[in-house]
Amino acid sequence: MIRRRTWRALHSVIETDRTGLRVLPGLRNGVGILIPLVCGLNSGHLLSGIGVAVGALVAGFAGNAGTARRRLRTMLFAVAWMSVTTFVGALAGHRAWLIVVMAALSGWLSGMMLGVSQPSGQVGLLATNALILISTSPQSLSGALYRAELVACGGLLQTALMWAVDLVSRQSAEAQSVSKVYRKLAAFAASPSRQTDLELATSLVEANDFLRDSLMPRRRRSRLHRLLDAGEQLRMYVVAIAEIARGRFYAQELGDARFAEEILRQCAPLFSALGDHVWLMAQGDRRSQPLMYILERASEELTDLARSARGDGRKEQTAAHVQAMAACLMSLRDDLVQPAILPLPTEALESPVPRIKQAWQTFCGHLTWQSATFRHALRAAVAVGAGEAFAVLMRWPHGYWVPLTANIILRPDFTSTFTRGIARVIGTMGGILLATLLMVAVPDRTGIFASACIVVFGSLMYMWVTYNYALFSCALTALMVVLLSLFERQAPLPTMADRMVATLVGSALAIAIYLIWPTWQHQQVHRVLALAVERERDYFRGVLKMLREGETASPQTLARERQAVRVSRTNAASAVRQVLAEPVAPQVHAHMMVAVLVGMHRFSDTLLSLEAYTWEGRAARPLTSGEEEIALFIDRALASLADGLRNGTGQMATGISGARQDAVRSHVEALEVNWRKLDVIARAMVRLYHVLHTLARLVHEKAGEEATDARTSS
């Protein structure tokens, strides 16, 4: 088991993510680095130009992804933080003990900011590295201020360049995220599976997040919100059709499986075409008018397809979903062609102040020993402080690469630390070797060749940051080697050997500190799974409330509960993947974790289908007394499962007496006897009961196996 998981982690080092290849941002940021270098060469102040280029490099890295508003906020945050750490590092470099303390403090702060958000943690990491690097060249007060000003100028230059490019660009991160939703919807329609459904849910989470944090003009933003709402509604109908196509037990007799498969095949190209033209529709471009005609024609074709199924009972029931999709597309078309600005949801009108308050509350909430973020921050402080102390005490040439490497490698979880360590070593060795050979092979007295290398390696670093970490480490290391070669003026080959050894020491230091004081993901995963179950319970209650209250129920509340399910389920799937890569046995059995994920996936699909029927008006009756008993059983079973997962036991009890459990079982059996006569509400309740009943049986089987193993071992 350990060997298989270790090999899986090693294999992830060479994996690449094509969607993470950021060519245009890399070229844009490369231009931001090029401008100060050219100015420095022309004016004869190359070192000052390099100082500005470093500020541009870090700011560009901080604003490499996200909406324009998020990138602007992160880049300005990076400029301020980098300026402070540059100033502090230049002054503290005179005293060895002080720089050790400041490096450790900066490492702790960057670790804590990782709990606030991923970009904030990345900015903190870069600022800590800048402090370590600048401390190797101590300055006076005026010199430190001058260095800080250079870095600030470079960061502001890169920020201004990013903003200018965004102003002239017709596309945006918001439009791309909504476009991704439709492409993932097309992929799910073409091949309904848990993986494609999870990818679709992840894209919906990202698009919602992007549209909430946007500076787009209100008209375009409202159009994107309308497109996203339509995508989410279409997803419900597609899930309902997919359940019929897959021949689910509760969906039998509710439609024709072959007819459902044909519908999905016809819908996939339509959703893909919508994804390709989202950005045109968002800005009301005239070239989007033919697409409006496509929407109209698609709606008419789907309507004709639904009409063709009349007379065939099972096909006609499936065709009701097709008719609902046709109405959804026509409504979308009517909303997009009207000149008036569509209303924005309440959460999209949120001001930045609540976000700042929330970030501060999150930071303060992690100031406890029970927080995994706090423990990671302490590990980072120890790793950076110990690495800096080693570099100071040993007076090792290029010893500052030890804390740099340890800071970059150390992550909150074992899997990322282990795989990053290996990828970092491989990439660093390759980057050092590549840059050193270039510096040796091409004599450069003017600095022109070195400046060109800085631009090339800087651009590649931005392009590869989410594509492959080993390649990113190679570009980053080569960039640092070239930058330092302009200051150090030392023999390249001996310097290369020193840096390689220091990289190995820093990697070993980071992994050793993590192994001495680990925070295993398997110790946290049961809480993440419990949260996913609780969110499913909230959504279940919301759907029941809609059935009971009918038109008086709030669709906005149900939409928020549905969105919370998506977020919690994607987080749980990510946590389980990390646990399965760890070399230690999880507290909750691996099969149990996967079973919970699969069970909640089926549970969510059933609720989505039921909601789709409700919107179509085919599930508009109150629950019977027997169905109410089943609903109570399901609600308490979900609560019990969440409690058992949170306590780490994985136990599942319904909180209902034996007699009432027998009554619930009798209700279910009675419904199954008349299965063909049941409507969608009754079938859904039976389906949800069986999902949880299967989970409960699995829990008891695993508990029995563990008890048997314990008796055998004793």
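Structure report, in brief.

Quick notes on the rules
Residues numbered from 1 in each chain as written. Predicted model: local features only at pLDDT ≥ 70, side-chain atom pairs only at ≥ 80, totals over all residues. Heavy atoms only, no water. Helix = DSSP H or I, 4+ residues; strand = E, 2+ residues; numbered from the N terminus. Buried < 20%, exposed > 50% of the residue type's maximum accessible area, 1.4 Å probe, protein only. Areas by Shrake-Rupley, 256 points an atom, 1.4 Å probe, with all protein chains shown as cover. Salt bridge = Lys/Arg side-chain N within 4 Å of Asp/Glu carboxyl O. Axes fitted to C-alpha atoms, helices over the stretch in contact; angles between N-to-C directions. Parallel < 35°, antiparallel > 145°, perpendicular 65-115°, else oblique. Left-handed = near helix turned anticlockwise from the far one by under 90°. Contact = heavy atoms within 4.5 Å. Nonpolar A, V, L, I, M, F, W, Y, C, P; charged D, E, K, R; others polar. Patch = residues over 30% accessible without salt bridge, like charges linked within 9 Å, V, L, I, M, F, W, Y side chains within 5 Å. Core = buried A, V, L, I, M, F, W, Y, C linked by side-chain atoms within 4.5 Å. Expected span 1.5 Å × (residues − 1).

## Some words on the overall build of the protein
Broken down by element type, the protein carries 27 helices and zero strands. Taking all 714 residues of the protein together, 53% fall into the buried category. Only carbon and sulfur atoms are counted for the fraction: they give 60% of the accessible area of the protein, which is about 30900 Å².

## What to know about the pattern of salt bridges
This model, assessed by the stated rule, comprises 20 salt bridges. Across the pair Arg562 and Glu232 runs a salt bridge whose closest N-O atoms are separated by 2.5 Å. Taken as a pair, Arg562 in helix α23 (residues 555-580) and Glu232 in helix α10 (residues 218-245) lie far apart in primary sequence, 330 residues in all. Residue class for Arg562 comes out buried when judged on its relative accessible area of 7%. For Glu232, a relative accessible area of 9% translates into the label buried. Between Arg265 and Glu262 there is a salt bridge whose closest N-O contact spans 2.7 Å. Of this pair, Arg265 and Glu262 both sit in helix α11 (residues 257-276), three residues apart, roughly one helical turn.

## Concerning the packing of helix α22 (residues 525-549) against α23
Interhelical geometry of α22 versus α23 gives an angle of 155° and a closest axis separation of 8 Å. Relative to α23, the element α22 lies roughly antiparallel. The hand of the α22/α23 crossing is left-handed. Packed against α22, whose contacting residues are Val525, Val528, Leu529, Leu531, Ala532, Arg535, Glu536, Asp538, Tyr539, Gly542, Val543 and Met546, the element α23 presents Leu558, Glu561, Arg562, Ala564, Val565, Ser568, Arg569, Asn571, Ala572, Ala575, Val576 and Val579 at the interface. For the contact of α22 with α23, a count of residues per class yields 15 nonpolar, three polar and six charged.

## A short note on the packing of α22 against helix α25 (residues 625-646)
Two elements in contact, α22 and α25, have axes whose closest approach is 7 Å; the angle formed by their N-to-C orientations is 160°. Here α22 lies roughly antiparallel to α25, going by the angle between them. Of the two possible hands of crossing, α22 and α25 adopt the one that is left-handed. Counting all contacts with α22, which are made through His526, Arg527, Leu529, Ala530, Leu531, Val533, Glu534, Arg537, Phe540, Arg541, Leu544 and Arg548, the residues of α25 involved are Glu628, Ala631, Ile634, Asp635, Leu638, Ala639, Leu641, Ala642, Leu645 and Arg646.

## Examining a nonpolar patch on the surface
Nonpolar side chains collect at one region of the surface, where Trp163, Leu167, Val168 and Leu215 lie side by side and expose about 430 Å² of accessible area between them. Turning to its location among the elements, Leu167 is positioned in helix α7 (residues 141-168).

## Topic: the environment of Ser179
Within the secondary structure layout, Ser179 lies in helix α8 (residues 173-190). Judged by relative accessible area, Ser179 falls into the buried class, the value being 7%. For the pair Ser179 and Leu227, spaced 48 residues apart in sequence, the C-alpha to C-alpha distance is 9.1 Å. Ignoring any residue separated from it by four or fewer positions in sequence, one finds Ser179 in contact with Gly275, Asp276 and Val278.

## Observations regarding the nonpolar core
Counting 108 residues, the largest nonpolar core has Tyr182, Phe271, Met325, Leu529, Phe540, Phe603 and Ile634 as the members making the most contacts within it. Of the residues forming this core, the biggest block, 14 residues, is contributed by α10. Not counting the four nearest positions on each side in its chain, Met325 is found in contact with Leu234, Tyr237, Val238, Ile241, Ile263, Cys267, Phe271 and Leu302. Ile432, Ala470, Leu484 and Met496 belong to the second-largest nonpolar core, a separate cluster that totals 65 residues.

## Some thoughts on the environment of His366
Its place among the elements puts His366 in the loop between α15 (352-365) and α16 (372-394). You can call His366 buried: its relative accessible area is 19%. A C-alpha to C-alpha distance of 9.7 Å links His366 and Met113, two positions 253 residues apart in sequence. Non-local contacts of His366, meaning those with residues more than four positions away in its chain, are made with Met112, Gly115, Ser371, Thr373 and Phe374.

## Thoughts on helix α6 (residues 118-134)
Taking 1.5 Å as the rise per residue, α6 with 17 residues should run 24 Å; its terminal C-alpha atoms sit 25 Å apart, in good agreement. Among the 17 residues in α6, 13 count as buried, and that is most of the element.

## A look at α16
Helical periodicity: at 3.6 residues per turn, an α-helix aligns residues three or four positions apart in one direction. Compared with an ideal rise of 1.5 Å per residue, which puts 23 residues at 33 Å, α16 spans 32 Å between its outermost C-alpha atoms and is within 8% of the ideal. Remark: Arg395 follows α16 within two positions and exhibits a positive phi of approximately 50°.

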